[in-house]
Amino acid sequence: EGWTRVSAPGCCEFQIPPTMELQGQPLRSLNDAFRGSVLRVTDAADRIVAQQAGLNAQVPQAQRQYVRFIVETRLGSRGDFPRIGQPLEVSAEEIAEFDADVRKTLAAEASQIVAKGMEMTVGNWEKARVTRINGMDCMLVGYTRSANGAPPARVRMYTFFNDDRTHLVTASYRVEQSELWAADLDRWSKTLTFHRR
């Protein structure tokens, strides 16, 4: 009831609850500037961010909450990856290698943030595993993250493979606000579909 359909042409579709909104300007510009100057990442137009409703307007209650659903697409070449919807057949060694790569990437990001005089810690690591979301196999990694003294957030990163690209879906919310967001995360994942390549 009241959920909004989000469609990214040529990429994906999903729904967000009425308690969330798509990130707009100027917040998006500030976020992009942070990612560029601190993480040295340049966002492409195909990065979609959903956040707690009211944050775009800087509503005080929204500023005390934290939730993000982020969908990013990274391009490769035709045939680099399995097609979306196909069973993901990977060995235990490949899963362990994927897990190590994700941890290495997060450690590098944390180092960049600390080098800029901020704080970031990653803990409660849930090792990578294959899971199925809405009929699509993906790799899932979970962990908690704290930044700049903020309460810890629970993070789940899903990597979907789609022929010539990967779709990275990150869902996060503050652990202390689980009652606000955990059920929405479960329902949101059931609305997610990617366009087959």
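Conventions and cut-offs
Residues numbered from 1 in each chain as written. Predicted model: local features only at pLDDT ≥ 70, side-chain atom pairs only at ≥ 80, totals over all residues. Heavy atoms only, no water. Helix = DSSP H or I, 4+ residues; strand = E, 2+ residues; numbered from the N terminus. Buried < 20%, exposed > 50% of the residue type's maximum accessible area, 1.4 Å probe, protein only. Contact = heavy atoms within 4.5 Å. Pairing = 2+ DSSP bridges. 1 Å grid on protein atoms, 1.4 Å probe; cavity = no way out; pocket = protein on both sides within 12 Å on 5 of 7 lines; lining within 4 Å. Points joined across faces, edges and corners; volume = space filled by probe spheres on them. Nonpolar A, V, L, I, M, F, W, Y, C, P; charged D, E, K, R; others polar. Salt bridge = Lys/Arg side-chain N within 4 Å of Asp/Glu carboxyl O.

Caption draft 1: How the structure looks around the overall build of the protein. Summing up its helical and strand segments, the protein has four helices and 10 strands in all. When the elements of the protein are put in sequence order from the N terminus, they spell out β-β-β-α-β-α-β-α-β-β-β-β-α-β. Every one of the 197 residues in the protein was classed for burial, and the buried ones make up 46%. Pairs at least 24 residues apart make up 61% of the contacts formed inside the protein by residues separated by at least 6 positions.

Caption draft 2: How the structure looks around the pairing of strand E5 (residues 67-75). E5 sits mainly inside the fold: seven of its nine residues count as buried. Sheet analysis places strand E4 (residues 48-52) next to E5, joined by four bridges and oriented antiparallel. Counted as the bridge partner of Val49 is Ile70 from E5.

Caption draft 3: Geometry of the layout of surface pockets. Estimates place the volume of the second largest pocket at around 170 Å³. In this structure, the second largest pocket is lined by Phe81, Pro82, Leu88, Val90, Glu94, Ile95, Phe98, Met139 and Phe161. Among the elements that take part in the lining of the second largest pocket, helix H3 (residues 92-115) stands out by supplying three residues, more than any other. When grouped by side-chain class, the residues that make up the lining of the second largest pocket number eight nonpolar, no polar and one charged.

Caption draft 4: A look at the environment of Met139. Its location among the elements puts Met139 in strand E7 (residues 136-147). Along the sequence, Met139 and Phe98 sit 41 residues apart, while their C-alpha atoms lie 8.5 Å from each other. Beyond its immediate sequence surroundings of up to four residues, Met139 is in contact with Leu88, Val90, Ile95, Phe98, Ala128, Arg129, Val130, Met157, Tyr158, Thr159 and Phe161.

Caption draft 5: Spotlight on empty space enclosed by the protein. In this structure the tally under the stated criterion is one cavity of 30 Å³ or more. Around the largest cavity, the lining residues are Pro82, Arg83, Ile84, Gly85, Gln86, Leu88, Asp137 and Phe161. The residue makeup of the lining of the largest cavity, split by class, is four nonpolar, two polar and two charged.

Caption draft 6: Expanded view of the pattern of salt bridges. For the structure on display, the rule yields eight salt bridges. A salt bridge links Arg154 to Glu126; its shortest N-O distance comes to 3.7 Å. Of the two residues, Arg154 sits in strand E8 (residues 153-161) while Glu126 sits in strand E6 (residues 120-133), which places them 28 residues apart along the sequence.

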